[in-house]
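What follows is each chain in one-letter form.
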Amino acid sequence: PTDYFPAPEFERIIDSTYLYRENRGETGNSNGTRIRVLSLLMRWSGLRIRDALTFEKSRLSDDNKLLLYQAKTGHPVFVPLPPHVADALRAVPPGARPNPSYFFWSGNGLPKSAVADWQRSYRRLFELAGIKKADGSLKRCHPQMFRDTFAVEMLLAGVPLEQVSMLLGHKSI
């Protein structure tokens, strides 16, 4: 079953990125900034964590649209980003081993390893956020829920199911 982050929960997660510290010799709070921008990217694009981590800088257009992929029709599929998200993405601080082609991935090693590293970071972030269910117990959170949030919010905004399905890269609705 899918679950998503309603606006107050998403805001709580974003607020928690300002508390997030996992410095490995860096000064400041670049890790908090990086996880915040990655969260915004996944929430507003519907990208899976692996696709968001390996997303190439060249696929962000000057008019704040992400080229997701080529549709089976041969036409490109774009998702528009809010300007504040696109600006944050362009300004995201580099990681420990920056690669000029990617926002978040060094390009070294397997993407699977990068995903595992970021999933550990998300476990810590979600713990900081302390999101609870209606009964007071902790809500089980994971990065896939940003993708689910994208889909739910698009549907609530009246975007047709077929279009949401296409933006998510599904083969069928």
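Residues numbered from 1 in each chain as written. Predicted model: local features only at pLDDT ≥ 70, side-chain atom pairs only at ≥ 80, totals over all residues. Heavy atoms only, no water.

Asks: So, the packing of aromatic side chains: which residues are in play, and what are the values?
Replies: Summed over the entire model, instances satisfying the criterion amount to eight aromatic pairs. Between Phe10 and Phe146 the ring centres are 6.1 Å apart and the planes differ by 85°, which places this aromatic pair in the edge-to-face class. Taken together, the residues Phe10 in helix H1 (residues 7–17) and Phe146 in helix H6 (residues 144–156) connect sequence positions 136 residues apart. Look at Phe10 and you get buried, because its relative accessible area is 11%. The buried category is assigned to Phe146, whose relative accessible area is 0%. Grouping aromatic residues by their ring pairs yields a cluster made of Phe5, Phe10, Tyr122, Phe126 and Phe146. Between Arg36 and the ring centre of Tyr18, over which it is positioned, the NZ or CZ distance is 3.8 Å. If you follow Arg43 out to its NZ or CZ, it ends over the ring of Trp44, 3.7 Å from the centre. (Phe/Tyr/Trp six-rings, centres within 6.5 Å; stacked < 30°, edge-to-face > 60°. Helix = DSSP H or I, 4+ residues; strand = E, 2+ residues; numbered from the N terminus. Buried < 20%, exposed > 50% of the residue type's maximum accessible area, 1.4 Å probe, protein only. Lys NZ or Arg CZ within 6 Å of the ring centre and 35° of its normal.)

Asks: Summarise the environment of Ser16; cite the residues concerned and give the values.
Replies: Here Ser16 is to be found in helix H1. For Ser16 and Ser45, which are 29 residues apart along the polypeptide, the C-alpha to C-alpha distance reads 21 Å. Not counting the four nearest positions on each side in its chain, Ser16 is found in contact with Leu125, Leu128 and Ala129. Within the local environment of Ser16, its side chain forms a polar contact with the backbone nitrogen of Ala129, the two atoms lying 3.5 Å apart. (Contact = heavy atoms within 4.5 Å. Polar contact = N/O pair within 3.5 Å; in protein donor to acceptor, adjacent residues only side chain to side chain.)

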